[in-house]
Amino acid sequence: MVAKRVNVLWAILGAVGGMALGAWYMGSRIQSPAEMAARTAAPEASPILVPVEARVLSSDVVTRGTVRFGLPQPISIAPSTVKGAVGLISSLPRPNTNFGEGEVILSASGRPVFVLSGAAPAFRDMAPGTSGGDVRQLEEALARLGFDPGTVDGNYDQKTSGAVERMYRKVGWDPFAPTREQRAAVAAFEREWSDAARAQLAAEATRETAVKAVAAARATAEQNTRQAALDSAARIGDSRQLADARAGKSLALEAERARAAHSATAASADVATQVADRALIVLDPRQTETARAAAEAKLKVARAAQRKAKLEADLAIQTAAREAGLADERIRVAEGAVKAARLEGERNVRAAQEQQTLAEFDVQVASERAGRLERELATARAKLGVQVPADEVVFIPSLPIRVHEVTAAVAANASGPVMSVTDNQLSIDSQLPLEAAPLVKPGMKVAIDEQALGIKATGVVETVANTPGTRGVDGYHFYLGVRVETTPVPLAGFSVRLTIPIETSKGSVTAVPTSAVSLAADGTSRVLVDRGGKQEYVTVQPGLSTGGYVEVDASDARLVPGQLVVVGYKTAEPAAVK
Amino acid sequence: MGAFAVLLAPAIAAAQAQAPKGLGTEEFGMSPRELVQAIEKTEELIARCMREQGFQYIAADHKTVRAGMSADKNLPGLSEEEFVSRHGFGVSTFYTGLPPQLATGYSPARVGLGERNVQIFRKLSPADQVAYNRALLGDDTSSTLAVALEIEDLSRTGGCTRKALTETFKPDQLKATHYNPQDALINKDPRMKAALGFWQREMKKAGFEYGHPDEIEPDLRNRLATLTDGGKLLVSKMSADQKTALRKLQDFERLVAAKSFKMQEEVLAPVEERIQQELFSRKVQ
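Residues numbered from 1 in each chain as written. Chains lettered and ligands numbered in written order. Predicted model: local features only at pLDDT ≥ 70, side-chain atom pairs only at ≥ 80, totals over all residues. Heavy atoms only, no water.

*Asks:* Mind laying out helix α11 (residues 190–205) of chain B, listing which residues take part and the relevant values?
*Replies:* The periodicity of an α-helix, 3.6 residues per turn, causes residues three or four positions apart to be oriented the same way. Residues and elements named next belong to chain B. Here α11 spans 23 Å end to end across 16 residues, near enough to the 22 Å set by a 1.5 Å rise per residue. Turning to α11, its buried residues number three or more, namely Met192, Ala195, Leu196, Gly197, Trp199, Glu202 and Met203. Capping of α11 at its N-terminal end is provided by aspartate 189; its side-chain oxygen lies 2.8 Å from the backbone amide nitrogen of arginine 191. Glycine 207 sits one or two residues past α11 and shows a positive phi near 95°. (Helix = DSSP H or I, 4+ residues; strand = E, 2+ residues; numbered from the N terminus. Expected span 1.5 Å × (residues − 1). Buried < 20%, exposed > 50% of the residue type's maximum accessible area, 1.4 Å probe, protein only. Polar contact = N/O pair within 3.5 Å; in protein donor to acceptor, adjacent residues only side chain to side chain.)

*Asks:* A description of the state of the cysteines should follow, citing residues and the corresponding values.
*Replies:* All names here are of chain B. Under the counting rule described, the total for this entry stands at one disulfide over all chains. Bridging cysteine 49 to cysteine 160, the disulfide has an S-S length of 2.0 Å. Linking cysteine 49 and cysteine 160, the disulfide has an S-S dihedral of approximately -65° and is accordingly described as left-handed. Pair noted here: cysteine 49 is in helix α2 (residues 32–52) and cysteine 160 is in helix α9 (residues 159–168), with a separation of 111 residues, a long-range link. Judged on exposure class, the residue cysteine 49 and its partner cysteine 160 are both buried. (Disulfide = S-S within 2.5 Å.)

*Asks:* I'd love a proper account of helix α12 (residues 216–227) of chain B, names of residues and values included.
*Replies:* All names here are of chain B. End to end, α12 covers 17 Å across twelve residues, agreeing with the expected 16 Å (1.5 Å per residue, within 8%). All buried positions along α12 are accounted for by Ile216, Glu217, Leu220, Arg221, Leu224 and Leu227. Projected down its long axis, α12 carries its buried residues within an arc of 130°, all on one side. Two residues or fewer past α12, aspartate 229 is found with a positive phi of approximately 55°. (Arc of directions from axis to C-beta.)

*Asks:* Describe the sheet that holds strand β6 (residues 103–108) of chain A, with residues and values.
*Replies:* Paired through backbone hydrogen bonds, the strands of a sheet run either parallel or antiparallel to each other. All names here are of chain A. Pairing is mixed across the open sheet formed by four strands, whose spatial order is β4-β6-β7-β8. Looking at which strands have only one partner, the edges of the open sheet turn out to be β4 (89–91) and β8 (393–396). Pairwise comparison of adjacent strand axes, ignoring direction, gives a mean angle of 35° for this sheet. Pairing analysis gives five bridges linking β6 to strand β7 (residues 111–117), with the strands arranged antiparallel. Bridge pairing links serine 107 to proline 112 in β7. (Pairing = 2+ DSSP bridges. Axes fitted to C-alpha atoms, helices over the stretch in contact; angles between N-to-C directions.)

*Asks:* Summarise the packing of aromatic side chains; cite the residues concerned and give the values.
*Replies:* Counted according to the given criterion, the structure contains eight aromatic pairs over all chains. Centroid distance B:Phe55 to B:Tyr132: 5.1 Å. Interplanar angle 75°. Geometry classified as edge-to-face. One end of the pair, B:Phe55, is in the loop between α2 and α3 (62–70); the other, B:Tyr132, is in helix α7 (residues 126–137), with 77 residues separating them in the sequence. Like B:Tyr132, B:Phe55 is buried. Arranged with centres 4.3 Å apart and planes meeting at 35°, the rings of B:Phe94 and B:Tyr106 form a pair that is tilted. Taken together, the positions of B:Phe94 in the loop between α4 (80–87) and α5 (108–113) and B:Tyr106 in the loop between α4 and α5 put the pair twelve residues apart, joining distant regions of the chain. Classification of B:Phe94 by relative accessible area gives partly exposed; the value is 24%. For B:Tyr106, a relative accessible area of 11% gives the class buried. These aromatic residues form a ring-pair network of at least three members: B:Phe55, B:Phe121 and B:Tyr132. The aromatic ring of A:Tyr549 is capped on one face by A:Arg55, whose charged end is 4.0 Å from the ring centroid. Between B:Arg223 and the ring centre of B:Phe252, over which it is positioned, the NZ or CZ distance is 4.3 Å. (Phe/Tyr/Trp six-rings, centres within 6.5 Å; stacked < 30°, edge-to-face > 60°. Lys NZ or Arg CZ within 6 Å of the ring centre and 35° of its normal.)

Structure representation (structure tokens):
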């Protein structure tokens, strides 16, 4: 019985417990309308607070671009005249290989081809003695490489030659020595110069001889002239005598005439004596016939002697007169002889002088030839130094370079275009929307990055096209060229983001999220500042707005960085989405 | 106990009448309105993100994204059955290695991106195209918003699409393990469990080891990604062995898709429709 009561009690307790549990469950599930309303009502909105910040605001133009190296430019190898034949390419670089100044870009027939910095291409062989802009480029390059070419003056001298030799040696190549043809040419010059020197000596000897001949001719002429002058003087003296004779005053003629007159007088006197003797004899009868005949004979002899004296006087006078006549001839002859001697002397002197002139001319020609050959020999000897053949150097305006494409093949002729290279300056081809293009100017700084690749660099706006649709961009964009500043990151080929700040706040300013600023009824801007749970509107002057932030200026300093401002209120989350 | 049951009946009925959250009829258990809002918001966020990356991207409207979603396993003139029998699920059978914007044939991803974005993409340089898709889609360039929504797998998304989705979807929805609550509810139904068991056995008989039809496409995508280096390998640049492997995968896809589709239509679809009608009083489109 007790057990039965206990069971009933347990049953009642169980039922009560079950009903209690059911009531509890239903109580937890069944809600009154008020509870439902309260439970489903929107939660009380709580403000979303963000701090006021002091930050630099920057308004950016963001675009993309592809990084590339400079535009490809061909590399051509100029033919070398010292080598005679074009070499065959023996090694070539791979595309994308970088080369700096003084490096060997390829080799041809066992000779290197250096790449150097220079605006003008190599167009001729450079050797000691050559000069010009290309040599100056070479010297400048050598100086940059630290090989000290001496004075950078555009003249290829021995110092330049030494620097070139050191440049070759540094990279393990032998410098280009003189060719056999060049040495043979120098030997020929030496022979020619030797012959010319001998010819010069001979000419000088001839000139000396000519000088002496002129002196001798002058001396001879003077002597002959003097002799002729003496003869002339003698002739002139004779002529004076002749002149005296002509004037009847010739002593000889007068003497002859006096002698003739004397002889005639003597003969007449002798005849008169004889006549008188004969008359005496004839008249003297005492005289014999013989005496008469002798007187007669004596008279005749006297008369004959008179005639003889007369004849002799006439002859002497005629001879003297003739002699006087010959004196003029002799004077003229003497004068002619003097003149002839002088002319002869002058002619001989002139001839000797002409010989001397010819000899001097020969000396001059020989000297000039010898000098010219000496200079040429010196030049040729100087050219025997280390030289730079035209096909062993290429000048590139900007270094370093990067091989873009190799167009030549190994074993092909090393002449003309062999490859194209780009400079190592990275550039970015990009584009700007029509509305952004006027805001971007050349010279503006550019932040370059690619988040996915962790790339960061800086650049400068280089070009903004004046018209849309140029350089491969469509008609709704302007081309934008950006030059990448020095960066260790190999950016070529990558697409990168370009951020160009076009307006900044020029330093840190007080800024709040744009959603924190609202308009008051009077049109003023304001922010709702939270001050320890109490909220207060603060009137602000908005400034630059960018990146979700706006610069604000509260004139009464009631808004400072660090304070909290209301940007919104928390609301219930949507069912399916946040 | 009867009285107890009577006492609890109203509470149980009230509990059943209250529809669980996330049991909308659209993808990810969203209602149509929520899906439209999610698409619009995500596209706006994608466009903003792409602008920040320096790219131009026009936010696609929900109709465009919807069109991309509808383009899945859909070609003009072909029924879904014909499509599946010819092209499987269109995973490996239409693979080219090209980004979706450059696809010329079947490409739900291209449709979902919108024609303007496709044109913007095509005007970019090759390097920019790569960067564009990396910024927009991340590593898997086939996982556009439309495709991800359609296959209900947001885990393969990347780039700005992923970033935008993290702001519009819950973290668990972004995981590969996320399962549509509606599907999960249906799958819990004993009738569906029985039907899935039958499906598994039949598939196994055909040589396909899958536990659920929803496992097939992810498996095919994983296989394709392995074969194509994450979808980056162009078919034209494949080796002979790779091409042979791709052809085998395509054949496998056609076979498994055809078998699965047939089984799904014959076995799973009627059961699913019945359960949906019971749950939502209408058939889910």
